Amino acid sequence: MKTKILLLGAFVALSFFISCDSNEKVQDPIATIETEEITADSNIDIAVDDIANIADDQFSVQKGSVSKSTTTIKSILPDCATVTTVLTDGIWKRTIDFGTQGCALPNGNVLKGKIFITFSNNFTSLEHKITYRLDGFYHNGKKINGTETITRSLKSTDLLAAIHPVSTFTINLTITFENGKVLSRTGTRVREMIEGFSTLTVWEDNVFLVWGYSITKLPNGDIYTSTIKANPLRFSMGCKLPFPVKGTITNTKTNSQGLNKAEAILDFGKGGCDNLATITINGVIKEIHLEK
């Protein structure tokens, strides 16, 4: 009889622990994506795109200055930016200094600090590698450290059959927001100039399509993955805005173990020059005003 009681007690205890373990699994926190997180990720995208645009622009300006063409390529840099150029052993080194007070780009974003850009003097190659390094660099108040490698080429793609400029940039950055939060960003983005490449003296008629992915690690260890694939982002320089005018980003958030997945879609609209976008979370659509 005592043996039966002991076995029954052990069974009840085991059932209790199994029940507790099961309850703990059910009660795991459900991941959520907040609107503020999506807009913060979008702000990082804006900074990444601006820096890539500047590096690409400086390559084009330097290429134009050493060619025999009488056409002068118009730079996107404002007058408040100071450019220093040195050629050493076949490598161009361009330093762009935005100062310490704030220097605004044509799209309204304010930059501080320096960008060091390097690339080869061999402009006859069909493919070029451009690298940059940041020094005391701030973008709209966010401090950004890190490096980026851009592979620039002329080719035909699925997005446009005609030969056009295509830039692929590999990202490895650390971003410190004004509130002290530190995020890290890695990823690869591809930017294709689908309009304006035949008029090098005019920047405002340029149109770019951008696609790729990025992985952002949040301060609490959560992982934020953004994917641009089916609907590439469309940037129209004529709008003079830092935001895409069209396209969607699929945002996925998980914890550091890759669990508790949550998803949201950021849609930039149908092509209008505005700062409006919509966020879809759990089937609920919300319109937002994008901020720099």
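Below you will find a few notes about this structure. (Residues numbered from 1 in each chain as written. Predicted model: local features only at pLDDT ≥ 70, side-chain atom pairs only at ≥ 80, totals over all residues. Heavy atoms only, no water.)

### Some words on the layout of surface pockets
As a volume, the largest pocket reaches approximately 540 Å³. Lining the largest pocket we find 34 residues, and of these Ser60, Lys63, Ile73, Arg152 and Leu200 sit closest to its centre. At the level of elements, helix 2 (35–66), strand 5 (127–139), strand 6 (142–155), strand 7 (164–176) and strand 8 (182–195) are the ones that each hand at least two residues to the lining of the largest pocket. Considering each element in turn, the lining of the largest pocket owes the most residues, 7 residues, to helix 2. When the residues that make up the lining of the largest pocket are grouped by side-chain class, the tally is 13 nonpolar, 14 polar and 7 charged. Size it by volume and the second largest pocket reaches roughly 380 Å³. Lining the second largest pocket are 21 residues; nearest its centre among them are Asn53, Ile76, Asn107, Trp203 and Met237. A class-by-class count of the residues in the lining of the second largest pocket yields 12 nonpolar, 3 polar and 6 charged. (1 Å grid on protein atoms, 1.4 Å probe; cavity = no way out; pocket = protein on both sides within 12 Å on 5 of 7 lines; lining within 4 Å. Points joined across faces, edges and corners; volume = space filled by probe spheres on them. Helix = DSSP H or I, 4+ residues; strand = E, 2+ residues; numbered from the N terminus. Nonpolar A, V, L, I, M, F, W, Y, C, P; charged D, E, K, R; others polar.)

### What about empty space enclosed by the protein?
Under the definition given, this model contains 4 cavities of 30 Å³ or more. Taken as a whole, the largest cavity holds about 60 Å³ of empty space. Every residue along the wall of the largest cavity is listed here: Ser42, Asp45, Ile46, Asp49, Arg189, Leu233, Phe235, Pro242, Pro244, Ile249 and Phe268. Those elements that place two or more of their residues in the lining of the largest cavity are helix 2 and strand 10 (223–236). Sort the elements by how many residues they give to the lining of the largest cavity and helix 2 lands first, with 4 residues. Looking at side-chain class alone, the lining of the largest cavity contains 7 nonpolar, 1 polar and 3 charged residues. In this model, the second largest cavity occupies a volume close to 40 Å³. In this structure, the second largest cavity is lined by Asp45, Arg189, Gly212, Tyr213, Ser214, Ser226, Ile228 and Ile249. Of all the secondary structure elements, the ones that give two or more residues to the lining of the second largest cavity are strand 9 (207–217) and strand 10. Its residues assigned to classes, the lining of the second largest cavity comprises 3 nonpolar, 3 polar and 2 charged.

Keep in mind these numbers describe shape, not what the thing actually does.
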